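A structural walkthrough
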Amino acid sequence: MQRKKRKLKTKRITLLLLLVIIIISIPFIIKLNGKKEEPKKLDVKVIEPKEKVYQLKLIMVGDALIHDRLYNEAYHDGTYDFKPYLKLIKEKVINYDLAYYNQETILGGTSIGLSSYPSFNSPQELGDDLIDAGFNLVSLATNHTLDRGEQAVLLSREYWDRQDGIYAFGSYKSNDQKKELESQVFEKNHIKYGILNYTYGTNGIPVPYGKDYLVNLWPDLVDNASYREQVKNDIANLRSQVDVLIVAMHWGIEYTHTPTDLVKRTAQFLADNKVDIVIGTHPHVIEPVEWIDNTLVFYSLGNFISAQNSESCTYYKCNIGLLSSLTITKTIDGDEELIKIDNIENDLIYTYHNNYHDYLVIPFSNKIIKDYLPNYESVYNDYVKIIATNDERIKTLPLGN
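Residues numbered from 1 in each chain as written. Predicted model: local features only at pLDDT ≥ 70, side-chain atom pairs only at ≥ 80, totals over all residues. Heavy atoms only, no water.

Things to note about the sheet that holds strand β8 (residues 191–199)
The strand order across the open sheet built from six strands is β7-β8-β9-β10-β12-β11, with neighbouring strands paired in mixed fashion. At either end of the open sheet lies a strand with only one pairing partner, and these are β7 (186–188) and β11 (289–292). Between one strand axis and the next, the sheet turns through 25° on average, direction left out of account. Examined bridge by bridge, strand β9 (residues 244–250) and strand β10 (residues 277–281) share five bridges and lie parallel to one another. Bridged to I246 within β10 is I277. Sitting on the sheet, helix α7 (residues 225–239) is in contact with β8 and β9, with an inclination near 170° to β8. (Pairing = 2+ DSSP bridges. Helix = DSSP H or I, 4+ residues; strand = E, 2+ residues; numbered from the N terminus. Axes fitted to C-alpha atoms, helices over the stretch in contact; angles between N-to-C directions. Contact = heavy atoms within 4.5 Å.)

This is the structure:
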């Protein structure tokens, strides 16, 4: 037994010495082999998506036409508050990337005295409340831009220039500002866009000499060579730089649901010059929506918010407008880019008031319309016929139930 134990002990010592020799020899073996073998890396291929798709959602309304009976109703405790009138519109507008409206009456503010028809000047608090509702694109070139002269235009421009993230166009404080803003390319969601704005005239009020920048005019464009060339240059300057070009037009004849021949020819001119979207205002009533080649034309969005009560405004004509929306899609596939405009939807809106009190702008797609407009179904059916162009790409939202 003693011999066996001694023999086992000798074997253990031998194995231990052998293990020590092996451990000490490892660095020398590695050095002899040149370098340590690196672990194998997995060959993982990153698959890039074939297409990149970006979208931009745009919503539009027409004229903010502010008579004294409207701003007087909004006056409380030393200020003007239009927010309650816009609460149902805000619910929809805040869901969009871009939201446009036409500021029909100049926002010169209270410092020069507010005024109503025929020479308007409106409180700047209206602009604050429309911005609060989500609007960020504003056209300023209308037939009322010069109602209160150059002073009101400059006060309006100063107001809009103070607003971050809001683009107001069509009326400027200098030639330099006009050139800067009208050549500006905006970008949202990787989609580049530009906007131009013109009015047919200023109710006979002459533009001060040498100050054409105060309002962008487009009188009889199709038949006036000098204006035609200027507008062509304006369009060409932006067209090559943007994915989408929008032109806001203050045109047409008031209170008619049918675009005039001149308006139709002008729309064709814009289509020929590769404008993507034309937004029409001024008639104060709704006119059709249609495609001209690859150009989408909203001939008139009608009134957005107003207290208009002229003899020409019978049967809710001036209280019914459009809340129109669409989607702009940009698809990039390699070196190719495709721009598509679709999801075109038109919602009717109604400016309710109770004998010029308790104003509220109501979408027809909201079920409460039936509580404010008793014959809402027949009104809806009449106006759908005006909008309709027998084009399945252009839809009118159904009534709220």
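Read on, since the account is not over.
Remarks on the confidence of the model for the protein
Of the residues in the protein, 87% reach a pLDDT of 70 or more, and the chain-wide mean stands at 90. Here residues 1–8 scores under 50 on pLDDT; set against residues more than four positions off or in separate chains, the count is zero contacts. (pLDDT = per-residue confidence, 0-100.)

Points about helix α3 (residues 83–93)
Burial in α3 covers these residues: Y85, L86, L88, I89 and V93. What you see down the axis of α3 is that its buried residues fit within an arc of 140°, all on one side. (Buried < 20%, exposed > 50% of the residue type's maximum accessible area, 1.4 Å probe, protein only. Arc of directions from axis to C-beta.)

Concerning the side chain of E73
Locating E73 in the fold gives a position in helix α2 (residues 68–73). In this structure, E73 is in contact with Y85, Y356, H357, D358 and Y359, ignoring residues within four places of it in sequence.

What about the pattern of salt bridges?
Working definition: two side chains of opposite charge can pair if their charged atoms are close together. Overall, the coordinates contain 13 salt bridges when judged by the stated rule. K92 is the partner of D347 in a salt bridge, and the nearest nitrogen-oxygen pair spans 2.8 Å. Residue D347 is found in strand β15 (residues 336–352), and its partner K92 is found in helix α3; the two are separated by 255 residues along the sequence. The closest approach of N and O atoms between K211 and E150, which form a salt bridge, is 2.9 Å. In this pair, K211 sits in the loop between β8 and α7 while E150 sits in helix α5 (residues 149–161), placing the two residues 61 residues apart along the sequence. (Salt bridge = Lys/Arg side-chain N within 4 Å of Asp/Glu carboxyl O.)

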